[in-house]
Amino acid sequence: MRVIVVGCGRVGAGLAERLARAGNEVTVIDVDSEAFSRLEHDFPGQALRADGTDEDVLRRAGADEADMFFSLTEGDNRNVLAAQLASERFGIRHVVAKVNDPVRAEAYTTLGLATICRTRMLVDELARYAGLEGDPGARGISLAQQPHHHEPDGSHPRGTRADDKAGAGAVSGDSTGGQGGRE
Amino acid sequence: MYIIVVGGGRVGYYLTKELLEAGHELVVLEKNERRARQIADELGSIVLARDGCEGKHLAEAGANRAAIVAAVTGDDEDNLVVCQMAKHHFEVPRTIARVNNPKNEGLFRHLGVDEVISPTRMALAAIEQDIPVHELLHLANLEGGELELLEAQIGEDSPAVGRRPSDIPLPEGCTLFVLIRNDGAYAIRPETVFQVGDKVLAISRTECAVDLRRELIGETTGAEVTSLTR
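Residues numbered from 1 in each chain as written. Chains lettered and ligands numbered in written order. Predicted model: local features only at pLDDT ≥ 70, side-chain atom pairs only at ≥ 80, totals over all residues. Heavy atoms only, no water.

What about the sheet that holds strand S7 (residues 136-142) of chain B?
Within a sheet, adjacent strands bond to each other through the backbone by hydrogen bonds, running parallel or antiparallel. Residue and element names in this part refer to chain B. Strand order in the open sheet formed by five strands is S7-S8-S11-S9-S10, and the pairing between neighbours is antiparallel. With one partner strand each, in any of the chains shown, S7 and strand S10 (184-187) form the two edges of the open sheet. Mean inter-strand twist for the sheet, computed between neighbouring axes without regard to direction, equals 25°. As paired elements, strand S9 (residues 174-181) and strand S11 (residues 199-205) share six bridges and run antiparallel to each other. Looking at the pairing, isoleucine 180 lines up with lysine 199 of S11. (Pairing = 2+ DSSP bridges. Helix = DSSP H or I, 4+ residues; strand = E, 2+ residues; numbered from the N terminus. Axes fitted to C-alpha atoms, helices over the stretch in contact; angles between N-to-C directions.)

So this is what it looks like as structure tokens:
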């Protein structure tokens, strides 16, 4: 499987590492080459220092042939842009965006993007620990209930759909670094 | 008309100033507090020091009664999120986004942003009218970007040389309408025969510009037309 990971923070690096060691062809992208120091020195994938929200960069990273795409930078909006490029421009079937603001995460889930919200997951886990009833929607990846948006040309939207679950279970919430800066 | 401007940088500032002078009711969302205060000092209490990417702040700004939301921050991703939230959460009739990367233009439109403004593309188009490196010049957007007005220069390598319009397999939704030859402009007729040095004005669906280029200019240079037409 060909996988692209945007954002080489702790989550991005950890995921890229595991996927690459499991035999997948992984390209991890980050704007900051320092971020790649989070990868093991014998990381068996590709590291690309570039802006993962740029269409040309994604093409260079092999987005045309990619099967799965994760946008895991520190910026919710960058993740949302990269993920929509991946699904709408490149037609990648399995796309997940990390969106830490719960309101935005929910909004984009309704729009059809698969999102993972660290905030909601952590709050839920800790609330469960404190003996409160869990929020079943908080665990794992929230998947689209409906098509991404209205297609102006009436065609069927490609990309993340509820039936594409791809066996992705809950990811334990960890803080991420990488793509330093704005948010 | 009630307008929300997101981003109080230079573009947001001058936009707000002009709109106020034109008598519109508006509010500016600028997440940097210092910058927000600066604008408020100059233009009055029309500024909220809030991040317009967040739904609750858009709600606070009255997005549900806004006729227009204009996202003009310096970051494409922020402008996209503002417009998508405005469109899908608050059903704002008209959303406008500034984009820096001209390649995002098509994507933003596809994702439902009503009007996409690319200063980069405008500057590029202005420059290329003087230096036609791409040979296929973008002159204007029509129909909100669905169509574009293009000028093609017929060179020696053009497959159109010596042919009539009916001999040229044009993509659907694309019309050649004016010929510029020896500093005169002529309507293109069925009997027109294209020559080296001609300029042809065409209106094309945006996605067909590449086909148009192939038929009128040829597949010679490595220069891409896409930077202009997407």
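Some details on the packing of helix H3 (residues 76-89) of chain A against helix H4 (residues 76-90) of chain B
Closest axis-to-axis distance for the H3(A)/H4(B) pair is 8 Å, and the angle between their directions is 85°. Between H3(A) and H4(B), the angle falls in the class roughly perpendicular. Residue-level contacts link Asn77(A), Arg78(A), Val80(A), Leu81(A) and Gln84(A) of H3(A) to Glu77(B), Asp78(B), Leu80(B), Val81(B) and Gln84(B) of H4(B). Residues that form the contact of H3(A) with H4(B) fall into these classes: four nonpolar, three polar and three charged. (Parallel < 35°, antiparallel > 145°, perpendicular 65-115°, else oblique. Contact = heavy atoms within 4.5 Å. Nonpolar A, V, L, I, M, F, W, Y, C, P; charged D, E, K, R; others polar.)

Observations concerning the sheet that holds strand S3 (residues 46-49) of chain A
Residues and elements named next belong to chain A. Across the sheet, which stays open at both edges, the six strands sit in the order S3-S2-S1-S4-S5-S6 with parallel pairing between neighbours. This sheet does not close on itself; its edge strands, each paired only once, are S3 and strand S6 (114-116). With direction set aside, neighbouring strand axes in the sheet form an average angle of 20°. Two strands pair when backbone bridges link them, and strand S5 (residues 94-98) and S6 are joined in this way by three bridges, in the parallel orientation. Among the inter-strand pairings, lysine 98 is bridged to a residue of S6, identified as isoleucine 116. Here helix H1 (residues 10-21) sits on the sheet in contact with strand S1 (2-6), strand S2 (25-30) and strand S4 (68-71), set at roughly 165° to S2. Those strands touched by H3 are S4 and S5, and its axis lies near 170° from that of S5.

Structural notes on the pairing of S9(B)
For a regular strand, side chains alternate in direction, first toward one face of the sheet and then toward the other. Residue and element names in this part refer to chain B. With four bridges connecting them, S9 and S10 associate as antiparallel partners. Across the sheet, the residue bridging to isoleucine 180 is alanine 185, located in S10. Linkage of S9 to S10, two consecutive antiparallel strands, is achieved through a turn of two residues, within which asparagine 182 is found at a positive phi near 50°.

Considering the side chain of Asp124(A)
All names here are of chain A. Looking at the element boundaries, aspartate 124 is found in helix H5 (residues 118-129). Taking the relative accessible area as the measure of exposure, aspartate 124 reaches 5% and is therefore buried. One polar contact links the side chain of aspartate 124 to the main-chain amide nitrogen of aspartate 135, over a distance of 2.7 Å. Ignoring sequence-local partners within four residues, the contact set of aspartate 124 consists of Gly134, Asp135, Ala138 and Arg139. (Buried < 20%, exposed > 50% of the residue type's maximum accessible area, 1.4 Å probe, protein only. Polar contact = N/O pair within 3.5 Å; in protein donor to acceptor, adjacent residues only side chain to side chain.)

Quick look at the side chain of Thr27(A)
Relative to the assigned elements, Thr27(A) resides in strand S2. Not counting residues up to four positions away in its chain, the partners in contact with Thr27(A) are Val3(A), Ile4(A), Val5(A), Gln46(A), Leu48(A) and Ala61(A).

Description of the state of the cysteines
Counted by the stated rule, this structure contains zero disulfides over all chains. With no disulfide of its own, Cys83(B) has Cys53(B) as its nearest cysteine by sulfur position, at a separation of 9.9 Å. (Disulfide = S-S within 2.5 Å.)

Some points on the packing of aromatic side chains
Residue and element names in this part refer to chain B. Tallied over the entire structure, the rule returns one aromatic pair over all chains. An angle of 80° between the planes, with centres 4.9 Å apart, marks the rings of tyrosine 13 and tyrosine 14 as edge-to-face. Since its relative accessible area comes to 12%, tyrosine 13 is described here as buried. In this structure, arginine 65 packs its charged tip against the face of tyrosine 2, placed 4.0 Å from the ring centre. (Phe/Tyr/Trp six-rings, centres within 6.5 Å; stacked < 30°, edge-to-face > 60°. Lys NZ or Arg CZ within 6 Å of the ring centre and 35° of its normal.)

So, the interface of chain A and chain B
In this complex, chain A contributes 22 residues to the contact, which on the side of chain B involves 21 residues. Overall, the association of chain A and chain B removes approximately 2,000 Å² of surface from exposure, summing both partners, and the carbon and sulfur fraction of that is 54%. The largest share of the area that chain A buries against chain B comes from Asn77(A), Leu81(A) and Arg89(A), three residues that together contribute 25% of it. Run the count over chain A and chain B and you get three salt bridges. Measuring nitrogen to oxygen at the nearest pair gives 2.9 Å for the salt bridge that ties Lys103(B) to Asp56(A). Viewed at the interface, chain B and chain A are joined by six residue pairs in polar contact (both at pLDDT 80 or more). Breaking the side of chain A that touches chain B down by element, the ones donating at least two residues are helix H2 (55-60), H3 and helix H4 (102-110) of chain A. When residues of the side of chain A that touches chain B are assigned to their parent elements, the largest contribution, eight residues, is made by H3(A). By residue class, the composition of the side of chain A that touches chain B is seven nonpolar, four polar and eleven charged. (Buried area = accessible area lost by both parts, 1.4 Å probe. Salt bridge = Lys/Arg side-chain N within 4 Å of Asp/Glu carboxyl O.)

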